[in-house]
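For reference, the chains in residue letters:
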6 protein chains.
Amino acid sequence: MSRPVTLFTGQWADLPFTEMSQMTKDFGYDGIELACWGDHFDVKQALEDDNYCKEKRAALDQLGLQCHAISAHLAGQAVLDNIDSRHQAILPDYVWGDGDPAGVNARAAEELMNSARAAQKFNVEVVNGFTGSSIWHLLYSFPPVPPSMIDAGFDLLAERFNPILDVFGECGVKFALEVHPTEIAFDIHSAHRALEVLEHRPEFGFNFDPSHLIWQGIDPVQFIREFPDRIFHVHIKDASVTLDGRSGINCSHLNFGDPRRGWDFRSPGRGDVDFEEIIRALNVIGYTGPLSIEWEDSGMERTFGATEACEFTKKLDFAPSNVAFDAAFDDKN
Amino acid sequence: MSRPVTLFTGQWADLPFTEMSQMTKDFGYDGIELACWGDHFDVKQALEDDNYCKEKRAALDQLGLQCHAISAHLAGQAVLDNIDSRHQAILPDYVWGDGDPAGVNARAAEELMNSARAAQKFNVEVVNGFTGSSIWHLLYSFPPVPPSMIDAGFDLLAERFNPILDVFGECGVKFALEVHPTEIAFDIHSAHRALEVLEHRPEFGFNFDPSHLIWQGIDPVQFIREFPDRIFHVHIKDASVTLDGRSGINCSHLNFGDPRRGWDFRSPGRGDVDFEEIIRALNVIGYTGPLSIEWEDSGMERTFGATEACEFTKKLDFAPSNVAFDAAFDDKN
Amino acid sequence: MSRPVTLFTGQWADLPFTEMSQMTKDFGYDGIELACWGDHFDVKQALEDDNYCKEKRAALDQLGLQCHAISAHLAGQAVLDNIDSRHQAILPDYVWGDGDPAGVNARAAEELMNSARAAQKFNVEVVNGFTGSSIWHLLYSFPPVPPSMIDAGFDLLAERFNPILDVFGECGVKFALEVHPTEIAFDIHSAHRALEVLEHRPEFGFNFDPSHLIWQGIDPVQFIREFPDRIFHVHIKDASVTLDGRSGINCSHLNFGDPRRGWDFRSPGRGDVDFEEIIRALNVIGYTGPLSIEWEDSGMERTFGATEACEFTKKLDFAPSNVAFDAAFDDKN
Amino acid sequence: MSRPVTLFTGQWADLPFTEMSQMTKDFGYDGIELACWGDHFDVKQALEDDNYCKEKRAALDQLGLQCHAISAHLAGQAVLDNIDSRHQAILPDYVWGDGDPAGVNARAAEELMNSARAAQKFNVEVVNGFTGSSIWHLLYSFPPVPPSMIDAGFDLLAERFNPILDVFGECGVKFALEVHPTEIAFDIHSAHRALEVLEHRPEFGFNFDPSHLIWQGIDPVQFIREFPDRIFHVHIKDASVTLDGRSGINCSHLNFGDPRRGWDFRSPGRGDVDFEEIIRALNVIGYTGPLSIEWEDSGMERTFGATEACEFTKKLDFAPSNVAFDAAFDDKN
Amino acid sequence: MSRPVTLFTGQWADLPFTEMSQMTKDFGYDGIELACWGDHFDVKQALEDDNYCKEKRAALDQLGLQCHAISAHLAGQAVLDNIDSRHQAILPDYVWGDGDPAGVNARAAEELMNSARAAQKFNVEVVNGFTGSSIWHLLYSFPPVPPSMIDAGFDLLAERFNPILDVFGECGVKFALEVHPTEIAFDIHSAHRALEVLEHRPEFGFNFDPSHLIWQGIDPVQFIREFPDRIFHVHIKDASVTLDGRSGINCSHLNFGDPRRGWDFRSPGRGDVDFEEIIRALNVIGYTGPLSIEWEDSGMERTFGATEACEFTKKLDFAPSNVAFDAAFDDKN
Amino acid sequence: MSRPVTLFTGQWADLPFTEMSQMTKDFGYDGIELACWGDHFDVKQALEDDNYCKEKRAALDQLGLQCHAISAHLAGQAVLDNIDSRHQAILPDYVWGDGDPAGVNARAAEELMNSARAAQKFNVEVVNGFTGSSIWHLLYSFPPVPPSMIDAGFDLLAERFNPILDVFGECGVKFALEVHPTEIAFDIHSAHRALEVLEHRPEFGFNFDPSHLIWQGIDPVQFIREFPDRIFHVHIKDASVTLDGRSGINCSHLNFGDPRRGWDFRSPGRGDVDFEEIIRALNVIGYTGPLSIEWEDSGMERTFGATEACEFTKKLDFAPSNVAFDAAFDDKN
């Protein structure tokens, strides 16, 4: 009756699939959300090799691990981004190619389409991912940003993602954007605008992740209430705001894990996210998909953390009521 | 005994100097901080025309207006920024030129050097300004930003600003960076790093402006305490955090004035800045320069606001104690 | 350019109109909102005596007092309320009659229609008022309240107010419900339901009064944002939450002014209402009507308070911006 | 040494006693607080059938379940309430009768007396219950409520409950009013007044339940400190304040479970009640009775919740210190 | 109708009476509270020289300054304190004498009795002052403090102050202890104990000063409510808690004015005291005496501050209501 | 990999070592921090009897209990304190002697030196303890405290502790002052001054205990960050601030456990200390020593508490990360 608790493998891509899936089982998870990088889920092979998906699924079945979604964050990021050297580090060689920005954008879009085709073959209904953004660097409006530059960024979303979403539609797979800084949608109002420019087409929704909202001052529950029919997938990830008068919310170009930052990611339950209210809100909208832990905490050993996070999430989840309370009072005779 | 209250003309550049200076007087100000754009203070003319500074000063004297600083934010912004079309709108034609980025950077650096020379001629000791930043777009570390990319941004500060600061040194003028998003230093820790990379040379300090700190979660008083010998100038500007669960601190690519934003600028005294504590901290470090109002409030008519802000700031300021309290108890006979 | 500041006479009905209007002028107000009780504005006479409105208006004109609204709170209260002895104290004899509840309800409805007719004659566009509520006593759902009982309360609003609002429509006058405990709408969600059941007919809107919202935990600014086209009139009234661990928000059946209460009304500016944000929200929706002070503070002498409140409100109000700030930066040459 | 943890059956009256008591055992409880409705504890049969109490007790003994109190909330509610159709749903037919209000009030009073007699036979020392209130609908003083109307409500408490409490005294049983909205006492100050009007007679005290206090802004610990000798019984029930700027504390006539409400009941430990401080305060006053869980949470499946609540409460409880700490330092040799 | 605003001269004892009284007038005060040190009010002369009080009063009358209280803080401090070198600095030579502790205590007690006699001659009804404390150094119970040591401290209060208060009684003068650290009563519970040990004799009450309570975490309004008949005099003094994570409330042995402290005194209105609520509480208990400013702010020039404080306090004060609000609604005809 | 969890026996000195060590084992601890009083660790015997340390260690080994530190709080307290009758209760007879203050101070210093020698024999590297303070009673600067009196207190620290620390140096043992009220260092700024006056000699550091900081308004994490190389030992002890408007932070001379106090100690996890952040800060500075529970909670039975505290602390601790997260993203092929 409760939701499956899965582990997203994105932060474990240094480990091979075999080891990672066994560890996921050992940590106590019900399932796994495979990243489309490392050898966790190889989109190219999935399309080229007819046995790939079957064997991958069989391996998971043998461990008793469910898989409800694959994740194509890295390819997605390169669809709208202004490409620079950082992208080479996160893309497969055949997508990066010669690194010419327009070519990278195009190949990343193709890769994302292929992730939908692979998802169909692998029999999962959701591909989680990023979109990137051509206007993220305009976040703060100085030098003054004319509205037309912002409009152009959202128009580009429509231009590049409509063809991609067409493929998703054909495959019967949904694309769940993880609302996140550096993406076209990074908060509630920008998420609304993304939906509007895509004319609310049914293939496009969100991978809800509260950790990216909380430090921006956004109530994650409000996000769920704003988009009840667009929560396609859920990440359980926590973050803590550690402002102390001297640190800043924009974090001084300091990397994750530096104690001088104004916020950082945390193992679930050890940050500021109120997961209780999130479960209740998910119950209200009727979300029945996985609770997928994206584990990231620069201050904690990760196998300890992934185990604890699994227990935490299983304890957290509960089913909604099936009884109207006042009814009991009426049975008075 | 109290500090002069001046008005920064940057947001009034649509008005000619003559009208602006008269209004400043009429609003009740003690002085004016002239922007190096519009016709408020023309760096080029100041250097080319030996009478320019004298006539400008005479015009101010006639109105009884002091001038302690000029401001070169726009040229400064173009020194380190990655140049795009937005810069054309904020730069004079002779700096923009053909718009080739490297050329714009170089001409902006030259313009900033000239602002120091002009300041010397105009007999002001401080040029306020921006630096721009070649790494602002890397604010959020995804795709993962290798430390070397951040290092390169600060190295560029040293490379391009050391020659500029040499000119400031020769002119006996200080450069006061307004710590602000999109600049190389936008919070306390990045301000420390900027000072370090410039080896704390004495020509480089800050134009303290609490409005850019408060919404980042930084206590402006802590900024003053961290850099007691580097507060070269002070802007009185307010901001209000208007988070309501749905708005976000990164403001959804919405322009200033949009009520859906998570924060916005405010007329002094109508936001979240605790100016009382700022005055006390300035008293502690012995700052005796002007309190210069940078007036910006998208929700208020500006002549009303500038008048109110002047009254507010004059009432706010007070002198530190010159008596030790316990001493009085001792005079008991 | 700023909004007229008026004084609502409801709490001053122990004073005759002549004295009250002179005091209002002396306190410094721009205008007056006349209560339809005492002799401040006599609906019956206004309809029966063709000179009544003219003379009343002339008396105000002589004092230089504007009048933008009349208020029929007491008659309105008796339209939906379950009538008991308390209503006799607040109703004219000809409305109370024999006190038979159904008759009182009917005569109160007729009186409210007449207030619209009188408003038309007196040339004001808004009648502020209450509706009463047949379901207020069901506020807390124990014994369990079946939804049908709540439905019936809102249906009764439609049944009784549609004919009333027809008269308002004919007269070109609007009815502004002061959202308030004991009325059919007392918070945001009940206000939505009231509008729905009345099918959003244009004659029905709200007299916004933050003092009734703040102690309920509602952000008054949110009310303005929810109903931008329904704010027909604004009351400036303050309240303070004085919970101290022992007092309760429901106030223990203790009367206003008792220090053991959990909240109480306050002279404007001395309570918890953030009027700054309210003015900004009213600027955003384009409200240009009066700011009408409903002065009530059980702990303060009322003539002192009404004077102070007028000054406070005049200082509070300000006009929205008529300049786009970024524009100024563009005039750089 | 720790207190027994019991389950109140009021919200489970749709289940027969046999099933309910077995479930209570299976959930892990030490005992049960039987509601005097459904077939959980039938006051009428208890008085008419000499074996009823013995058999009921034997059934509980067989399960190893303690029973320290029975609860007569529904009959009690009808003693002071102004009767309407809602009461028919919560009263046995022989109390409701023809539904004539005066008759219902009288028969409810008789039923409450009988609950004391039954308690004596069943060998429990406390009957928990409600009183109802004839003045609850006057909660908000508009139309203005003269003090005499409030006085009358409390006088009625004395008039109707003194005879009832006489019976309790004869039976050696205490009546514990659950301080709760719609009762004559719903917060600290009204509880004081109830005690005063009953002249602090020893049969009358309180069933402490923090869930009804917390959303009123009252600190439950203060309640315990105010009435140390009147805490006859304790309910463990939680509530969460969910105000978000748009919802209101009076909840818009929305039923429990609606996410638009400003507060709602919660499974213990998942709301705002600080049970740690409550246990400490109960330790200070020397309360040794049961901690009885009144489980109600519209967002959670109830068997899951009742199990979790039992574990939570057992973990929560602890014994007070029996050592003076400083003493240990003195044994220094 | 409003209360007189007076200035306490304790912190101005470096200035002679003539200059101080003229300044007090010039600052805008209605009156003066004379310190019994410096030459402001010389207790010895007042008793020895029959013209002293007359001439002092005449000098004040000529300036139009009221005087409602004299203050004997320093002598009072030496009555219960364990005497050390610090007391020499605050006592007149004839009280300090040879500095032998027992002798100093005795002479200080005699001086305090004389202050009552002088007050009678000077025709003021209240002497404000301190008591000192023999147990202040036991504030933190380590090494463990046996209760008997605390008892002894309060017993000493009774032993030494009962004879003093006898003289106050004979003179018809009240002693108002300023509840303050280093005194026998420094918070609400210790004030209760002081009253108890003195058996609530009518000559002993308090000089209410919120600045000593606020940083201890005590709500000054609660102090007024606890002791409604013992507020003999009121000091208007403010304090600000400046905890920032590194500073501590016990202030690290750092002197007033050091920015590293966790709290400090502030000019009225510039600290954390909510004077609005204090005025309301004083209105409720019917206090009609002076509001006497004890001005102390290590960060502000004192003549500026004393002037501002006078304006602030005059604006702050207001009379309570003389109208019942609901009454107005009843005059409906 | 995780830190040993030990129990400090100071509050259990009423129990003999044999019983105490067995209980410590039974409670689940990894080790024990022995108090140098009772018979837990007898400094005198340790020096006089060559077998004492061996036997003590053997007894612990047999139970599998580690011991990393001994604690000499009581002797240390008497080194700087102004001696009074309270010290007799906490000192061994041979230290108290005739009670002459100078003699007690001298013998206490000798005892503290001996504790270092005993620690060396017992093979532990840290002696935790107090210093006492000759200036604690001057905490609040009234009568005004001249800076020279404070200086003298810190000078005395140097004078008396330098010889003691010489012995510690010779023995290769560190002295860890528990920063605590009544000690020379009781907060961050006084701890800095203590280090300065001792010229940062390496034998002197701190036994970090958050319970003494939290109620002073100090962030314990800031303490760790200020003194990263001086955290020689860690106490896990909690405290709760229970201010309610009437209680005060200085606690009214009321003993621990009195509910009228403004703060009190709590069993770990039941107070206000944020241990999560403390563990993370300890991870950052690389502290690898024990987490030693000093259990004190006047409201809880101590064996229950000590057991719970052990579980809490073991669950709390975790190892820092050994993987850079971004690294995983790079392994994309």
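Residues numbered from 1 in each chain as written. Chains lettered and ligands numbered in written order. Predicted model: local features only at pLDDT ≥ 70, side-chain atom pairs only at ≥ 80, totals over all residues. Heavy atoms only, no water.

Looking at an unreviewed UniProt entry, one finds chain A named Inosose dehydratase, with Roseimaritima multifibrata as its source organism.

Participant: Sorry, what's going on with the overall build of chain A here?
Facilitator: The helix and strand inventory of chain A stands at 14 helices and 10 strands. Rg of the C-alpha trace for chain A: 20 Å, near the compact-globule value of 20 Å for 333 residues, within the 12% margin. On the principal axes, the C-alpha backbone points of chain A span a range of 75 × 55 × 40 Å. Burial status across chain A gives 66% buried among its 333 residues. Taking as baseline every contact in chain A between residues at least 6 positions apart, the subset at least 24 positions apart corresponds to 76%. (Helix = DSSP H or I, 4+ residues; strand = E, 2+ residues; numbered from the N terminus. Rg over C-alpha atoms; globule rule 2.2 N^0.38 Å. Buried < 20%, exposed > 50% of the residue type's maximum accessible area, 1.4 Å probe, protein only. Contact = heavy atoms within 4.5 Å.)

Participant: Would you take a moment to explain the relation of the copies chain D and chain F for this structure?
Facilitator: The second copy of the chain is related to the first by a rotation about an axis and a shift along the axis. The two copies are related by a screw motion: chain D maps onto chain F through a turn of 120° and a shift of 0.0 Å along the axis, at an RMSD of 0.0 Å. Both chain copies can therefore be described as sitting about a three-fold axis. Considering only C-alpha atoms, the residue of chain D closest to the rotation axis is D:Gly269, which sits at 8.8 Å. (Least-squares fit on C-alpha atoms with pLDDT ≥ 70 in both.)

Participant: How do you make sense of the UniProt feature "domain: Xylose isomerase-like TIM barrel" (unreviewed entry) in chain A when you look at a structure like this?
Facilitator: According to UniProt, the positions carrying the feature "domain: Xylose isomerase-like TIM barrel" (unreviewed entry) are residues 24-315 of chain A. As annotated, residues 24-315 of chain A comprises 46% helix and 14% strand, and the C-alpha atoms at either end are separated by 18 Å. (UniProt positions renumbered as here; feature names shortened; annotations may be inferred.)

Participant: Would you mind going over the side chain of E:Asp209 with me for this structure?
Facilitator: All names here are of chain E. Tracing the chain through its elements places aspartate 209 in the loop between β6 (204-208) and α10 (211-214). Although aspartate 209 is buried, it forms no salt bridge, and the closest oppositely charged side chain is lysine 237 at an N-O distance of 4.9 Å. Beyond its immediate sequence surroundings of up to four residues, aspartate 209 is in contact with Glu178, His235, Lys237 and Glu294. (Lys, Arg positive; Asp, Glu negative; His and termini not counted. Salt bridge = Lys/Arg side-chain N within 4 Å of Asp/Glu carboxyl O.)

Participant: Got a minute to help me understand helix α13 (residues 302-316) of chain C in this structure?
Facilitator: Three- or four-residue spacings in an α-helix give side chains the same orientation, since the helix completes a turn every 3.6 residues. All names here are of chain C. The terminal C-alpha atoms of α13, which comprises 15 residues, lie 20 Å apart, in line with the 21 Å expected from a rise of 1.5 Å per residue. Buried within α13 we find Arg302, Gly305, Ala306, Glu308, Ala309, Cys310, Thr313 and Leu316. On its buried side, α13 packs onto β1 (5-8), α1 (17-27), β7 (231-236), α12 (275-285) and β10 (291-293). (Expected span 1.5 Å × (residues − 1).)

Participant: Would you explain the packing of helix α4 (residues 73-80) of chain E against helix α7 (residues 101-122) of chain E in this entry?
Facilitator: Helices that pack against each other are described as a pair by the angle of their axes relative to one another and the distance between those axes. Residue and element names in this part refer to chain E. Their axes nearest at 7 Å, the elements α4 and α7 cross at an angle of 140°. For the element pair α4 / α7, the angle class is oblique. α7 is crossed by α4, and the crossing has left-handed handedness. Here Ala75, Gly76, Ala78 and Val79 of α4 come into contact with α7, specifically with Val104, Asn105, Ala108, Ala109, Glu111 and Leu112. Split by residue class, the contact of α4 with α7 holds seven nonpolar, two polar and one charged. (Axes fitted to C-alpha atoms, helices over the stretch in contact; angles between N-to-C directions. Parallel < 35°, antiparallel > 145°, perpendicular 65-115°, else oblique. Left-handed = near helix turned anticlockwise from the far one by under 90°. Nonpolar A, V, L, I, M, F, W, Y, C, P; charged D, E, K, R; others polar.)

Participant: Looking at this structure, how should I read the interface of chain D and chain C?
Facilitator: It is common to give the size of an interface as the accessible area lost on bringing the parts into contact. Contact with chain D, which involves 57 residues of that partner, is made by 57 residues of chain C. With both chains or domains summed, chain D and chain C bury close to 4,800 Å², and 63% of this area falls on carbon and sulfur atoms. One can count two salt bridges joining chain D with chain C. The element that contributes the greatest number of residues to the side of chain D that touches chain C is helix α5 (residues 85-90) of chain D, accounting for four residues. Looking at the side of chain D that touches chain C residue by residue, the class counts come to 28 nonpolar, 20 polar and nine charged. (Buried area = accessible area lost by both parts, 1.4 Å probe.)

Participant: Help me understand the interface of chain D and chain F, please; the structure alone is not making it clear to me.
Facilitator: Listed as interface residues are 24 residues of chain D and, on the opposing side, 30 residues of chain F. For the pair chain D and chain F, the summed buried area comes to about 2,300 Å², and 51% of that belongs to carbon and sulfur atoms. Linking chain D with chain F are four salt bridges. Its salt-bridge partner being D:Arg280, residue F:Asp297 comes within 2.7 Å of it at the nearest N-O pair. Of all elements in the fold, only α11 (220-226), α12 (275-285), α13 (302-316) and α14 (325-330) of chain D reach the threshold of two or more residues within the side of chain D that touches chain F. Tallied by class, residues from the side of chain D that touches chain F come to nine nonpolar, five polar and 10 charged.

Participant: Can you help me understand the layout of surface pockets in this one?
Facilitator: What the second largest pocket holds in volume is close to 2,400 Å³. What lines the second largest pocket is a set of 45 residues, and nearest its centre among them are B:Lys315, C:Gly269, C:Phe312, C:Lys315 and E:Lys315. When contributions to the lining of the second largest pocket are tallied by element, the ones reaching two or more residues are α12 (275-285) and α13 (302-316) of chain B, α12 and α13 of chain C together with α12 (275-285) and α13 (302-316) of chain E. Take the lining of the second largest pocket: its biggest share by element is seven residues, from α13(E). A breakdown of the residues in the lining of the second largest pocket according to their chemical character gives 16 nonpolar, seven polar and 22 charged. (1 Å grid on protein atoms, 1.4 Å probe; cavity = no way out; pocket = protein on both sides within 12 Å on 5 of 7 lines; lining within 4 Å. Points joined across faces, edges and corners; volume = space filled by probe spheres on them.)

Participant: Help me out: how do you make sense of the environment of F:Ile214 in this one?
Facilitator: Residue and element names in this part refer to chain F. Considering the arrangement of structural elements, one finds isoleucine 214 in helix α10 (residues 211-214). According to the relative accessible area criterion, isoleucine 214 is buried, its value standing at 17%. A C-alpha to C-alpha distance of 6.7 Å links isoleucine 214 and valine 273, two positions 59 residues apart in sequence. Non-local contacts of isoleucine 214, meaning those with residues more than four positions away in its chain, are made with Pro220, Ala239, Asp272 and Val273.

Participant: What should I look at first to understand the relation of the copies chain D and chain C in this one?
Facilitator: Between chain D and chain C, which share one sequence, the superposing operator has a rotation angle of 180° and an axial displacement of 0.0 Å; the RMSD is 0.0 Å. This pairing of chains is accounted for by a two-fold axis. When C-alpha distances to the rotation axis are compared across chain D, the minimum falls at D:His137, with a value of 2.2 Å.

Participant: Honestly, the pairing of strand β2 (residues 31-35) of chain E in this entry has me stumped. Any pointers?
Facilitator: Within a regular strand, the side chains alternate between the two sheet faces. Residue and element names in this part refer to chain E. Within β2, five of the five residues are buried, leaving the element largely enclosed by the surrounding structure. In β2, alternate side chains face the same way, and those of Gly31, Glu33 and Ala35 on one face and Ile32 and Leu34 on the other are all buried. In this structure, β2 lies alongside strand β3 (residues 69-71), joined through two bridges in parallel fashion. Bridging from a neighbouring strand, leucine 34 pairs with isoleucine 70 of β3. (Pairing = 2+ DSSP bridges.)

Participant: Which parts of the structure should I look at to understand the sheet that holds strand β7 (residues 231-236) of chain A?
Facilitator: Within a beta sheet, neighbouring strands are joined by backbone hydrogen bonds and run either parallel or antiparallel to one another. All names here are of chain A. Taken in spatial order, the eight strands close into a barrel running β1-β2-β3-β4-β5-β6-β7-β10, and their pairing is parallel. Here the average twist between neighbouring strands, direction ignored, is 30°. Note that β7 and strand β10 (residues 291-293) share three bridges and pair parallel. Note on β10: the bridge partner recorded for isoleucine 236 is isoleucine 293. Relative to the sheet, helix α12 (residues 275-285) contacts β6 (204-208), β7 and β10, its axis offset from that of β7 by approximately 165°.

Participant: Just to check I follow, could you spell out the nonpolar core for this structure?
Facilitator: Inside soluble globular proteins, nonpolar side chains tend to come together where they are buried. Membership of the largest hydrophobic core comes to 686 residues, with the highest contact counts inside it found for A:Phe41, B:Phe41, C:Phe41, D:Phe41, E:Phe41 and F:Phe41. F:Phe41 has contacts with F:Leu34, F:Ala35, F:Cys36, F:Ala46, F:Tyr52, F:Cys53, F:Lys56, F:Ile70, F:Ala118 and F:Phe122, leaving out every residue within four places of it along the chain. (Core = buried A, V, L, I, M, F, W, Y, C linked by side-chain atoms within 4.5 Å.)

Participant: Would you explain the environment of A:Asp26 in this entry?
Facilitator: Residues and elements named next belong to chain A. Relative to the helices and strands, aspartate 26 resides in helix α1 (residues 17-27). Given a relative accessible area of 54%, aspartate 26 falls into the exposed group. The sequence separation of aspartate 26 and leucine 63 amounts to 37 residues, and the corresponding C-alpha distance is 9.6 Å.

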